[in-house]
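# Structure at a glance
In case you want the letters, here they are:
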Amino acid sequence: MKKTELMYEGKAKKVFATDNDGLVIVSYKDDATAFNGLKKGTILGKGAINNRVTNYLMKMLSEKGIPTHFIEEINDRETVVKKVSIIPLEVIVRNIAAGSLSKRLGLDEGVKLSRPVLEFCYKDDALGDPMVNRYHILAMNYCTEQELDLISEYSLKINRILGDYLKDCNIELIDFKLEFGKTVDGEIVLADEISPDTCRFWDTVTGEKLDKDRFRRDLGGVEDAYQEILKRLLGE
């Protein structure tokens, strides 16, 4: 399979067309951004770690019944995935109060929620990815009611699978962002990535942050945190 043209370049990834109409190649970058692109930097090795961690978790989720866009890892930074139309929603799953939830509701970081919370944001960088609810989503035709129900069901199932698995690695899954896409034949699949860029991972014993919050908050040790996630998940 060969790359043909650059279709899209985002903050963390490039997407290339291929000589197969139904497949694209995702290439992960070391560029790091936060606060909707207001803060920019580089995390050395991030692209390779996010690619490998994402693929590892996608394969595990697929085996547990979650359809994903993953096809094949080509090398440390590049992966073949199904071509999808991204549904313009970010799904945030929260288990423990942190980040914007703590600010909005006046909760101390680390407060365990009595049940998982699903939040939806409209994917639009210019608008700052505003939060929307079910009524907005259906009124704006971002997806159908049936698709929204399926996305919600998948998101909660992913939370259970990942949460249980990560606990065995001494990692607490605080919250994380998911994106879903629709394949050419209309199937809803998990897309984008699952990595320290898109998840809050805390050490279950020390509470140490092992994710992009170290970059957002200038905590230092960013590369070491990403490497630690790779080590705990893939044993490397």
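Here goes a summary of the coordinates provided. It should be emphasised that the depicted structure is a prediction, and the values quoted were computed from it without experimental measurement.

A few words now on the layout of surface pockets. Considering only enclosed or pocket space, the second largest pocket measures out at about 250 Å³ in volume. Lining the second largest pocket are 14 residues; nearest its centre among them are Asn95, Lys112, Asn159, Gly163 and Lys167. Taken together, the elements giving at least two residues each to the lining of the second largest pocket come down to β10 (112–122), α4 (145–167) and β12 (171–183). Within the lining of the second largest pocket, the residues separate by chemical class into four nonpolar, four polar and six charged.

Strand order in this open sheet of five strands is β1-β2-β3-β7-β6, and the pairing throughout is antiparallel. The sheet is open, and its two edges are formed by β1 (3–9) and β6 (70–73), each paired on a single side. Looking at each pair of strands side by side, their axes are set apart by 30° on average, direction ignored. Bridging between β6 and strand β7 (residues 78–82) involves three bridges; their strand directions are antiparallel. Counted as the bridge partner of Glu73 is Thr79 from β7. The strands touched by helix α1 (residues 46–63) are β3 (23–28), β6 and β7; relative to β6, the strand with the most contacts, the crossing angle is about 130°.

Turning our attention to α1. Between its first and last C-alpha atoms α1 spans 26 Å; for 18 residues at 1.5 Å apiece the expected length is 26 Å, and the two agree. Where burial is concerned, most of α1 is hidden: 14 out of the 18 residues are buried.

In this section: the pattern of salt bridges. Per the stated rule, a full pass over the model turns up 25 salt bridges. A salt bridge links Asp192 to Lys13, with the nearest nitrogen and oxygen atoms 3.0 Å apart. Placement of the pair is Asp192 in the loop between β13 (188–191) and β14 (199–203) and Lys13 in strand β2 (residues 13–18), with a sequence separation of 179 residues. The pair formed by Asp192 and Lys13 is uniform in burial state, with each residue classed as buried.

Further remarks concern unusual backbone geometry. You will see that Asn141, though not glycine, has its phi angle at about 60°, which is positive. With respect to the helices and strands, the residue Asn141 is situated in the loop between α3 (134–139) and α4. Of note, the phi angle at Asn170 is positive, near 60°, even though the residue is not glycine. Mapped onto the fold, Asn170 is located in the loop between α4 and β12. Judged by its relative accessible area of 40%, Asn170 falls in the partly exposed class.

Two aromatic rings, taken as a pair, are described by how far apart their centres are and by the angle between their planes. As enumerated under the stated definition, the model contains three aromatic pairs in all. Relative to Tyr165, the ring of Tyr56 has its centre 6.2 Å away and its plane inclined at 50°; by these criteria the two rings are tilted. One end of the pair, Tyr56, is in helix α1; the other, Tyr165, is in helix α4, with 109 residues separating them in the sequence. According to the relative accessible area criterion, Tyr56 is partly exposed, its value standing at 29%. The aromatic ring of Phe16 is capped on one face by Lys3, whose charged end is 4.3 Å from the ring centroid. The ring of Phe215 has Lys39 lying over it, and the distance from NZ or CZ to the ring centre is 4.9 Å.

Cut-offs used in this document
- Residues numbered from 1 in each chain as written.
- Predicted model: local features only at pLDDT ≥ 70, side-chain atom pairs only at ≥ 80, totals over all residues.
- Heavy atoms only, no water.
- 1 Å grid on protein atoms, 1.4 Å probe; cavity = no way out; pocket = protein on both sides within 12 Å on 5 of 7 lines; lining within 4 Å.
- Points joined across faces, edges and corners; volume = space filled by probe spheres on them.
- Helix = DSSP H or I, 4+ residues; strand = E, 2+ residues; numbered from the N terminus.
- Nonpolar A, V, L, I, M, F, W, Y, C, P; charged D, E, K, R; others polar.
- Pairing = 2+ DSSP bridges.
- Axes fitted to C-alpha atoms, helices over the stretch in contact; angles between N-to-C directions.
- Contact = heavy atoms within 4.5 Å.
- Expected span 1.5 Å × (residues − 1).
- Buried < 20%, exposed > 50% of the residue type's maximum accessible area, 1.4 Å probe, protein only.
- Salt bridge = Lys/Arg side-chain N within 4 Å of Asp/Glu carboxyl O.
- Phe/Tyr/Trp six-rings, centres within 6.5 Å; stacked < 30°, edge-to-face > 60°.
- Lys NZ or Arg CZ within 6 Å of the ring centre and 35° of its normal.

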